[in-house]
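# Reading the structure
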Amino acid sequence: MKFLPDIEFALKTDSEDPLRSCRNKFFIPKNRRGEDLVYFAGNSLGLQPEAVRSYVEQELKDWETMGVEGHMHAKNPWLPYHEYLSGQTARLTGSHPEEVVNMNSLTVNLHLMMVSFYRPTPARHKILIESNAFPSDHYAVQSQIKFHGYDPADSLIEMKPREGEFTIRIEDIESLIEKDGDSIALIMFAGVNYYTGQAFSFERITKAGHAKGCIVGFDLAHAAGNLELKLHEWNIDFAVWCSYKYLNGGPGAIAGAFVHQRHLLDMTIPKFWGWWGQDKATRFLMHHNFQPIPTIESWQLSNPPILQLAALRASLDIFDETGMDALRKKSIGLTGYLEFLINQKSDDNIEIITPADHAQRGCQLSIRAKTGGKELHNRLNSNGVICDWREPDVIRAAPVPLYNTFTDVWKFVEVMFG
Ligand SMILES: *Cc1c(COP(=O)(O)O)cnc(C)c1O
């Protein structure tokens, strides 16, 4: 795509955008004059699909009129409700339906996956993670290490970029795994780093880890609904993600998890059990003999929150209709345009720390302001732009292909350098 710096280019590109009607499926936050804000915070909290209300109201209505009977007789019976989302979730993540489930929240799922897939031994007890991984992931891995009687000081490898660089080179990840892999039990990387916006090569990390006998898991909080994923084909062991960022499931939305097919029937894998993991045919016999469902559903503990599943389903239906391939294509254009316009201004104070190679990023650009970043962020916010600030000096801007436009990108840059 050849970019031009003028607003006419942005307007024309929007008018020719094959996905332009998607924006109408979302509520766009507005200023006091009723004008649309430039919402570049879909990496924090995705916007509300207009259909959410009717999906949730259906379940409220069935609860209102049927009470407990809704489990079997609601328009969408609640008992199997999570199954209605399996196909969409599988297509979204490049998985088989039996490999994915929506349950719990991200950090809870990360712990449940580590119960199964972090099994340290004296010879192999380490976890490899990015040094600037999201704090919750750091807390989760540290506490798992301690739970098994090890010390994070010995058992946690925190991978840093090279001196003077912001992102981690894939060849450095590979050589670290090659060197230390024999002592690494679990490689736990983000799909896309929340701070830098760097997307990691799932395939190369998984291959390098497996060659050394490590389990490889990914946190897809910033990758799900952002990148095209092929979790099954890439042979990843497990993955977890939240659904309130790019997946627009609403604040605190029900999260997702993936376990590769090859692990699903492995009864040697330890697992925490609950009745929603119990074989469906015998679940209500109420006996005490746990027979796991032969899918990732056996990791479910509790009966899930139907209202949350309903809200997420409304959004997944939009992803399913649109297709991640089409969304990603637009996303590469939108983010490329943002980068182009920022670089045009060539301001010495501003640098984009997200990789320039689009294969190494999703939609987010992390914009570092050497000085005055906080003031810059305040100016953006008070001029109709919603994006976020991450200490010490980064503004994260995420143009989301479902509801953002090239005109949004143009306006963002106008305000930023205005
Ligand atoms: C957003 C995010 C979280 C948040 O965890 P919750 O359990 O959903 O509160 C965790 N990890 C990463 C990498 C994130 O981006």
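The rules behind the values
Residues numbered from 1 in each chain as written. Predicted model: local features only at pLDDT ≥ 70, side-chain atom pairs only at ≥ 80, totals over all residues. Heavy atoms only, no water. Near = heavy atom within 4 Å. Polar contact = N/O pair within 3.5 Å; in protein donor to acceptor, adjacent residues only side chain to side chain. Areas by Shrake-Rupley, 256 points an atom, 1.4 Å probe, with all protein chains shown as cover. Nonpolar A, V, L, I, M, F, W, Y, C, P; charged D, E, K, R; others polar. Phe/Tyr/Trp six-rings, centres within 6.5 Å; stacked < 30°, edge-to-face > 60°. Helix = DSSP H or I, 4+ residues; strand = E, 2+ residues; numbered from the N terminus. Buried < 20%, exposed > 50% of the residue type's maximum accessible area, 1.4 Å probe, protein only. Lys NZ or Arg CZ within 6 Å of the ring centre and 35° of its normal. Pairing = 2+ DSSP bridges. Axes fitted to C-alpha atoms, helices over the stretch in contact; angles between N-to-C directions. Contact = heavy atoms within 4.5 Å. Patch = residues over 30% accessible without salt bridge, like charges linked within 9 Å, V, L, I, M, F, W, Y side chains within 5 Å. Salt bridge = Lys/Arg side-chain N within 4 Å of Asp/Glu carboxyl O. Domains from an automatic or database assignment. Buried area = accessible area lost by both parts, 1.4 Å probe. Parallel < 35°, antiparallel > 145°, perpendicular 65-115°, else oblique. Left-handed = near helix turned anticlockwise from the far one by under 90°. Core = buried A, V, L, I, M, F, W, Y, C linked by side-chain atoms within 4.5 Å.

The next subject is the site of the ligand. Inspection of the region around the ligand gives Leu-106, Thr-107, Phe-134, Asp-137, Asp-219, Ala-221, His-222, Cys-242, Tyr-244 and Lys-245 as its neighbouring residues. A distance of 2.5 Å separates an oxygen atom of the ligand from a polar side-chain atom of Thr-107. One nitrogen or oxygen atom from the side chain of Tyr-244 is found 2.6 Å from an oxygen atom belonging to the ligand. Compared with its free state, where it exposes 390 Å², the ligand has 84% of that area covered by protein. Looking at the shell around the ligand residue by residue, the classes come out as five nonpolar, two polar and three charged.

What follows concerns the packing of aromatic side chains. A full pass over the atoms with the stated rule returns 21 aromatic pairs. A ring pair is formed by Phe-3 and Tyr-337, whose centres lie 5.4 Å apart and whose planes are at 40°; its orientation type is tilted. Pair noted here: Phe-3 is in the segment before helix H1 (7–15) and Tyr-337 is in helix H13 (residues 324–345), with a separation of 334 residues, a long-range link. A relative accessible area of 14% places Phe-3 in the buried class. Put simply, the rings of Phe-3, Phe-9, Tyr-337, Phe-340 and Phe-406 touch in pairs and so form one group of aromatic residues. It is Lys-271 that lies over the ring of Trp-299; its NZ or CZ is 3.9 Å from the centre. Directly above the aromatic system of Trp-276 lies the positively charged group of Arg-283, at a separation of 3.9 Å from the ring centroid.

Let us now look at the sheet that holds strand S13 (residues 394–397). Two pairing modes exist for strands in a sheet, parallel and antiparallel, and in both the strands are linked by backbone hydrogen bonds. Across the sheet, four strands lie side by side as S9-S10-S13-S12; this open sheet has antiparallel pairing. The sheet is open, and its two borders are formed by strand S9 (350–352) and strand S12 (388–390), each paired with just one other strand. Neighbouring strand axes in the sheet, compared pairwise and without regard to direction, differ in orientation by 30° on average.

Here we take up the side chain of Ser-366. Following the sequence through the fold, Ser-366 ends up in strand S10 (residues 365–369). We classify Ser-366 as buried; its relative accessible area is 0%. When sequence neighbours within four positions are dropped, the list of residues in contact with Ser-366 reads Tyr-195, Thr-196, Gly-197, Glu-351, Ile-352, Ile-353, Thr-354, Val-394, Ile-395 and Arg-396.

Moving on: a nonpolar patch on the surface. A cluster of nonpolar side chains, namely Leu-60, Trp-63 and Leu-307, defines an oily patch on the protein surface of about 300 Å² accessible area. Relative to the helices and strands, Trp-63 is located in helix H2 (residues 52–66).

What follows concerns the pattern of salt bridges. Taken as a whole and judged by the stated rule, the model has 24 salt bridges. Two residues, Glu-16 and Lys-12, come together in a salt bridge whose shortest N-O distance is 3.0 Å. A salt bridge links Glu-351 to Arg-368; the nearest nitrogen and oxygen atoms lie 2.4 Å apart. Of this pair, Glu-351 sits in strand S9 while Arg-368 sits in strand S10, and the two are 17 residues apart along the sequence. You can call Glu-351 partly exposed: its relative accessible area is 25%.

Strand order in the open sheet formed by seven strands is S2-S8-S7-S6-S5-S3-S4, with mixed pairing between adjacent strands. What marks the edges here is a single partner per strand, and that holds for strand S2 (100–102) and strand S4 (156–159). Each strand axis lies, on average, 15° off the axis of its neighbour in the sheet, ignoring direction. The sheet strands contacting helix H4 (residues 86–93) are S2 and strand S7 (238–241), and the helix crosses S2 at an angle near 120°.

Let us now look at the domain arrangement of the protein. Along its sequence, the protein is carved into domain 1 (7–36 + 324–417) and domain 2 (58–320). Each of domain 1 and domain 2 has a C-alpha centre, and these two points are 29 Å apart. The interface of domain 1 with domain 2 comprises 28 residues on the first partner and 18 residues on the second. Here domain 1 packs against domain 2, burying approximately 2,000 Å² in sum over the two surfaces, 62% of which is carbon and sulfur. On the domain 1 side of the contact with domain 2, Met-324, Ile-353 and Gln-364 bury the most area, a combined 29% of that side's loss. Applying the counting criterion to the domain 1 and domain 2 interface returns zero salt bridges. Of all the elements in the fold, those that place two or more residues in the side of domain 1 that touches domain 2 are H13, S10 and S13.

With that out of the way, let us pick up the packing of H13 against helix H15 (residues 406–417). Between H13 and H15, whose axes approach to 9 Å, the crossing angle comes to 25°. When the interaxial angle is binned, H13 and H15 end up roughly parallel. Handedness of the H13/H15 crossing: right-handed. In this structure, H13 uses Gly-333, Leu-334, Tyr-337, Leu-338, Leu-341, Ile-342 and Lys-345 to contact H15, whose residues at the interface are Phe-406, Val-409, Trp-410, Phe-412, Val-413, Glu-414 and Phe-417. Of the residues belonging to the contact of H13 with H15, the class tally is eleven nonpolar, one polar and two charged.

A few words on the nonpolar core. One recurring pattern in soluble globular proteins: nonpolar side chains tend to sit buried together. Among the nonpolar cores identified, the biggest contains 66 residues, and Ile-205 and Leu-220 are the most heavily contacted of them. Looking at this core element by element, the count peaks at nine residues for helix H12 (residues 306–322). Of the domains in this structure, domain 1 (7–36 + 324–417) and domain 2 (58–320) are the two that each give at least three residues to this core. Once residues within four sequence positions are removed from consideration, Leu-220 is found in contact with Gly-191, Phe-202, Leu-229, Leu-231, Ala-239, Val-240 and Trp-241. Counting residues in each nonpolar core, the second largest holds 30 residues, with Leu-112, Met-114, Val-141 and Phe-238 among its members.

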